[in-house]
Every structure is written in C-alpha cells, then in structure tokens.
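Structure assessment
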Amino acid sequence: MSDLAIIGGTGLTKLDSLHIVRREVVHTPYGEPSGPVTHGYLFDQAVSFIPRHGPRHTIPPHQVNYRANLWALQHIGISRVLAVAAVGGISKNMQPARLVIPDQIIDYTWSRDHTFFEGRVEHVTHVDFSEPYCDDLRRAIIKACIAADVDYVDNGTYGATQGPRLESIAEINRMERDGCDLVGMTGMPEAGLARELNLCYATCAVVANWAAGRSDGGISMDELARNLERGMQQVGSVLEAFMTSN
Ligand code: HPA
C-alpha cells in the first residue's frame, strides 16, 4: 500500500484510470467517512482514493464529515493527501478550466467540526498553520503540471466559504480585498484538520467558473460543468505525471 491518498472533489467522484484492488470501509470515532476508501494502482503506482462528496456526489460541502475522512486516511497509514477541488476564480489570472496550486488559505466557514482537539483534552494544543499546505507536495504537483504541459498557476490564496450557495458579488469583493484569489467550499476545515493530524496535504484546484461579479451576467451552471470537465481532463494528465515521477 502507498502512503498517498487522493481526495476527489466535484467532478472527480471516481478515478477512471484507477485499477481497483480493494475497497475498505473505515469506521471512525468521528462518524462515517464520505465512503469506503478505494485502494488500487494509478499508472502502476499504489494509491488510495476517497470521494469527498460521496461515491454518488450526494454530500454537500457543509455536510462532509471532514474529520472522519482525514482520520480514516491516517488510520490506514496515509501520510500524504492530494486534494482535488473545484473553485471559482476571483483574480484575473484564475481563468476557468485552469489548475491552481494554492499556497495560502482564509477560512470563512462556520459551524463545521473543524478540530480534533475538543472535549476533555489533556493539553490545550495549537498547531502552526502559517504555511497551510505541504510545500513538498505542492512542488511535486507543480512539477507534474509542468511535465503534463497543462495550464496552471503555482500559487494563490484560497478563500473557503460555507456554501452550498454561491457567493454574492459583495462577498466576492470583500474576499478580493482580503487577498483571496480563489473561492471554494471545501478547503476548510480539510486543510486545518490535515495539519492537526500531521498529514502532508496540498490542493490541486480546478477553476470551474468566474466568481460572482467577475464575468458578465450570473454564473451559468452549464458553463461551470463544461469548465470543470475540461479542468478534470487536465487533472488526469497531472495525476499521470505525478504518479509516474513520485
Ligand atoms: N464559489 C464557491 N465554490 C465554488 C465556486 C464558486 O464560485 N465554483 C466552484 N466551487
């Protein structure tokens, strides 16, 4: 078994190229993960996979059991987590269908179970989150983007919103003033929980649409789906390059 897991987001509920060996149901002290963890081979390299929104894409962002997903992955021996996530583009260079490897994050979510350190803890514990993503894994994804010759941006600040609705223009304007380049609904608490478990975690974001107010008219769900499909094809090429060089 590998130490690497992929968390698939919207548009990636299964890995088409994954040669599946086994499905593992993991029960956790935090409840049930989004689905069984699938173990297999991707381009001849061992990897595990879990679909964030469930195998049939039925779990909305605010109801994902992030704690159970990450706890389950660590429990089965995973130490590196490559998260794939759909996002909206705020900054000018965050064009639809482009891939982005964010290096910072701002949390706007609320009322999600966001920590493992709760209840009667032995010591009050804080974790360093200055650099929220694992730099080694970020670099490896960027290297794979270069090898796969895809359209990508190698940094950016991800703003995590509560969802499931998309944002208002005023909310996106505020996020831009805060320094957000991207907006998505699943980046937190996932990244924070991964850090609490000492997992090496990085995200490959797929820009599905211009965020609210960043294009003429509203956000078209058809266009979003088309961009996501194009972006996910690129993710497929990146994963191939990643798996064959890591
Ligand atoms: N906002 C939040 N999450 C998203 C978006 C968006 O515009 N697009 C894809 N995920």
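For the structure, see preceding data.
Below: a short report on this structure. Bear in mind that the values here come from a model prediction, so they are computed numbers and not experimental data. (Residues numbered from 1 in each chain as written. Predicted model: local features only at pLDDT ≥ 70, side-chain atom pairs only at ≥ 80, totals over all residues. Heavy atoms only, no water.)

**Some details on the environment of Ser-48**
Its place among the elements puts Ser-48 in strand β4 (residues 45-51). Sequence separation between Ser-48 and Ile-20 is 28 residues, and the spatial gap between their C-alpha atoms is 9.3 Å. One polar contact links Ser-48 to His-39, side chain to side chain, over a distance of 2.8 Å. (Helix = DSSP H or I, 4+ residues; strand = E, 2+ residues; numbered from the N terminus. Polar contact = N/O pair within 3.5 Å; in protein donor to acceptor, adjacent residues only side chain to side chain.)

**A word on unusual backbone geometry**
When glycine is set aside, most residues are seen to have a negative phi, and most peptide bonds are trans. Here the residue pair Gly-163 and Pro-164 is connected by a cis peptide bond, since its omega of 0 degrees sits within 30 degrees of zero. You can see Pro-164 is positioned in the loop between β9 (157-160) and α3 (169-178). Between Met-188 and the following residue, Pro-189, the backbone shows a cis peptide bond with an omega angle of 10 degrees. Examined against the element boundaries, Pro-189 turns out to sit in helix α4 (residues 187-196). Of note, Phe-43 is a non-glycine position whose phi angle comes to about 50 degrees, a positive value. The residue Phe-43 is located in the loop between β3 (37-42) and β4 in this model. A positive phi angle is found at Asp-44, which is not glycine, with a value near 70 degrees. Mapped onto the secondary structure, Asp-44 falls in the loop between β3 and β4.

**Section: the packing of helix α1 (residues 66-75) against α4**
Orientation of α1 relative to α4, taken along the N-to-C sense of each, is 35 degrees, at an axis distance of 9 Å. Judged by the twist between their axes, the crossing of α1 over α4 is right-handed. Residues Tyr-66, Arg-67 and Leu-70 of α1 form the contact with α4, whose own contacting residues are Pro-189, Glu-190, Leu-193 and Ala-194. Broken down by class, the residue content of the contact of α1 with α4 amounts to five nonpolar, no polar and two charged. (Axes fitted to C-alpha atoms, helices over the stretch in contact; angles between N-to-C directions. Left-handed = near helix turned anticlockwise from the far one by under 90°. Contact = heavy atoms within 4.5 Å. Nonpolar A, V, L, I, M, F, W, Y, C, P; charged D, E, K, R; others polar.)

**Concerning helix α5 (residues 221-245)**
Its 25 residues place the ends of α5 35 Å apart at the C-alpha level, agreeing with the 36 Å of an ideal helix rising 1.5 Å per residue. Among all positions in α5, only Leu-224, Asn-227, Leu-228, Gly-231, Met-232, Gln-234, Val-235, Val-238, Leu-239, Ala-241, Phe-242 and Met-243 are buried. Capping of α5 at its N-terminal end is provided by Ser-220; its side-chain oxygen lies 3.4 Å from the backbone amide nitrogen of Asp-222. (Expected span 1.5 Å × (residues − 1). Buried < 20%, exposed > 50% of the residue type's maximum accessible area, 1.4 Å probe, protein only.)

**Points about the site of the ligand**
The environment of the ligand is formed by Ala-86, Val-87, Gly-88, Leu-166, Glu-167, Val-183, Gly-184, Met-185 and Asn-209. In this structure, Ala-86 approaches the ligand through a main-chain N or O atom, which is 3.5 Å from a nitrogen atom. Separating a nitrogen atom of the ligand from a side-chain N or O atom of Asn-209 is a distance of 2.6 Å. In this structure the site holding the ligand corresponds to the largest pocket. Of all the secondary structure elements, the ones that give two or more residues to the shell around the ligand are β5 (80-89) and β10 (182-184). With three residues, the single largest contributor to the shell around the ligand is β5. Of the residues belonging to the shell around the ligand, the class tally is five nonpolar, three polar and one charged. (Near = heavy atom within 4 Å. 1 Å grid on protein atoms, 1.4 Å probe; cavity = no way out; pocket = protein on both sides within 12 Å on 5 of 7 lines; lining within 4 Å. Sits in = over half its atoms within 2 Å of the grid points.)

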